[in-house]
Structure formats: structure tokens, C-alpha cells
Amino acid sequence: MAEITAGMVKELREKTDAPMMECKKALSEAAGDMAKAEEILRVKLGNKAAKASSRVAAEGVVGTFVSPDQKLATIVEVNCETDFVAKNDDFLAFAGSLADLVAKHSPADVDALSALALDGRTVDEVRKDLVGRIGENMTIRRFARIEAKGRIAQYVHGGSKIGVLVDVTGGDEALAKDLAMHIAATKPVALAKEEVSPELIQKERDIAAAKAAESGKPADIVQKMVEGTVQKFLKEITLLGQPFVKDDKQTVEQLLKAKGASVAAFVLYVVGEGLEKKTSDFAAEVAAQAAAAKNQGATV
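A brief look at the structure comes next. Fair warning: this is a prediction, and the values are worked out from it, not measured in the lab.

Brief notes about the overall build of the protein
For step 1, the next point in the chain: Counting its regular elements, the protein contains 12 helices and 10 strands.
For step 2, the next point in the chain: For the protein, the proportion of its 300 residues judged to be buried stands at 40%.
For step 3, the next point in the chain: Taking as baseline every contact in the protein between residues at least 6 positions apart, the subset at least 24 positions apart corresponds to 61%.
For step 4, the next point in the chain: In the structure as shown, the protein presents an accessible area of about 16600 Å², 54% of it carried by carbon and sulfur atoms.

Examining the pattern of salt bridges
Side-chain pairs of opposite charge can arise where the charged atoms are in close proximity.
For step 1, the next point in the chain: A complete count under the given rule lists 15 salt bridges for this structure.
For step 2, the next point in the chain: Here Asp124 and Arg127 are joined by a salt bridge, their closest N and O atoms 2.9 Å apart. In this pair, Asp124 and Arg127 are both assigned in helix H7 (residues 123–134), three residues apart and thus about one turn of the helix distant.
For step 3, the next point in the chain: Given a relative accessible area of 23%, Asp124 falls into the partly exposed group.
For step 4, the next point in the chain: For Asp178, the salt bridge identified is with Lys246, shortest N-O distance 2.9 Å. Pair noted here: Asp178 is in helix H8 (residues 173–186) and Lys246 is in the loop between strand E8 (243–244) and strand E9 (247–251), with a separation of 68 residues, a long-range link.
For step 5, the next point in the chain: Relative accessible area serves as the criterion here: at 19%, Asp178 is assigned to the buried category.
For step 6, the next point in the chain: Residues joined in a network through salt bridges with shared partners are Glu59, Asp83, Lys87 and Lys161.

Observations regarding helix H10 (residues 219–237)
For step 1, the next point in the chain: Between its first and last C-alpha, H10 extends 27 Å over 19 residues, near the 27 Å set by a 1.5 Å rise per residue.
For step 2, the next point in the chain: Looking at the buried positions of H10, the neighbouring elements they touch are helix H9 (198–213).

Considerations on helix H11 (residues 252–259)
For step 1, the next point in the chain: Three or more residues of H11 are buried, namely Val252, Leu255 and Leu256. Angular distribution of buried residues about the axis of H11 spans 95°; they occupy a single face of the element. Among the exposed residues of H11, those oriented more than 90 degrees off its buried face are Lys257 and Ala258.
For step 2, the next point in the chain: Where H11 is buried, its residues meet H8, E8, E9 and strand E10 (262–270).
For step 3, the next point in the chain: Of the residues one or two after H11, Gly260 is the one with positive phi, at around 65°.

Reading the values: rules and limits
Residues numbered from 1 in each chain as written. Predicted model: local features only at pLDDT ≥ 70, side-chain atom pairs only at ≥ 80, totals over all residues. Heavy atoms only, no water. Helix = DSSP H or I, 4+ residues; strand = E, 2+ residues; numbered from the N terminus. Buried < 20%, exposed > 50% of the residue type's maximum accessible area, 1.4 Å probe, protein only. Contact = heavy atoms within 4.5 Å. Areas by Shrake-Rupley, 256 points an atom, 1.4 Å probe, with all protein chains shown as cover. Salt bridge = Lys/Arg side-chain N within 4 Å of Asp/Glu carboxyl O. Expected span 1.5 Å × (residues − 1). Arc of directions from axis to C-beta.

Set out below in C-alpha cells:
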């Protein structure tokens, strides 16, 4: 049997980033053949990725790209299982690479993005390899690409948990940055009331009607109450209708008018929004992992 030296294990670990013991096992299995050992690890990591794929990934980060001339911007949400992994350098680099690819290739959807080339492999192969090395499920959830009518301002907040792109014409850089920060803080669902989905408006109207009916007032008054409630709701959830966070005596629409500016579009991503988050007892989870490792060692 070929001697497996510490230097060989170190070299294979640097190539694959796999755990040290896995590298040693792979080298032993490959009789010291580095290329074959790397292939063995890739197979094992692929299996590990498949096992992880069934677990909920509701943590993660947003990655962004803005061109130097601020005319093109992208944003992508990449999810993982825990906040700890969301801070991993390789995971963050992967999210950033995806934002760059979306800018360069303008893929139609996540499947198309996953099929693009990244470092000599497909994006999905890189993702699976990362899953195998880190041991958590990771998914590419969504992305957006904006070709600006004006110029793009971006704002990323909370350790890349909230990301904003906003296309602003007129005004200055300070205004554009303020608008991006406002969007991150107030989380509007649309630019203007005309862009709010009819389903969302009808849902709010039905709730308002049920509440107003309990007042016992005449039908015409009830109708006015309902309409007033709906209009108030639309102001609260639309960027133009919201009070500006730095001066709530004026709306964003009034601010833009005063500055001779306008907003063509914005994108807001909040990591994990709408996803089921996994809850667990951390101490129990660590104990379970330690027991699994002990059992695995006993069977080797």
C-alpha cells in the first residue's frame, strides 16, 4: 500500500476543500493517486449534496452587481440552511459570481443561470460541490436584472440580508442612496398604486368591508369608509405614497417632484421572505452530529 503522507492530504484538501479525514480515506482508496482521489471525493461530495437537497434553505444572502456607469445592475438571492454558512467566504463569493453572470449573460430563469459556465463547470455543479464541502443545502432562489433609464443606486443591509436596487432619473447621488435606504426600511410592494396586484387590493377591500359593516352606519357611509381604508393601505405599501423616512411631512412622490427626479423601477429582496424557516435546538443538533461522527468512526 502506498504511503499517504501529511503533505499529500494537505494538497488534496487544498484542491477540494474536503474534510481532512475524507481526503486521507480517498487517498488510501486511490492508492496514493491524487487525480483518482480527487475523483473519489467529487463522487462522495455529490452524494452529500443530494442528501442535503431535501432540507429547507431559508437563510442566505443577496449578491449584487452594479456597472461602473450605473446603467446596469443585478441582484440575486442565494439560500442556505443556517446564518453561520451565510457568512462563509466561499458562499458569499458564489453569490457575487452569480450576480456577475446575470449581468453578463441575462439568463431567462434560474435553470438557465444554473446551466451557465463558472470556473470551468456549470453553476449547478459549483453549487453542488459547495453543498458537499460545507454540508448544507444551498439553492438559487431568484434574481433580477435592471437596465437603467437613469442610474442605479444600491443598498445592502444587515449582513447582505436585504438588498435594494433603484433606478433614479434626476436628482443627485445622495437622493438616490436615500431612496434605496428608504426602500430597505419601509419595504414597499410596488412603485405606485397602479402596479399593486388586483388580488391584493381586493383582499384588503374585503377586510375593510367586513370591519365597516360592523359599524352599523348607512351603506353609503360604509362604502366611503371602505374606500378610505383601501386608499390609506395603497399609500402605505407603495413607494411614491409612503412618507419619506428622513422627513415624514412629505411623501416620496413629493420629494422626487421637489428634486426634479423620478423613479423608473426598484427591486427589493429580503432573504428568506415567504420561506419556511427551520427551527432547532442547537445543543441537541451538535450532540446529534457528535454521536453520528462517533458511530461513523466505529464502523470504519
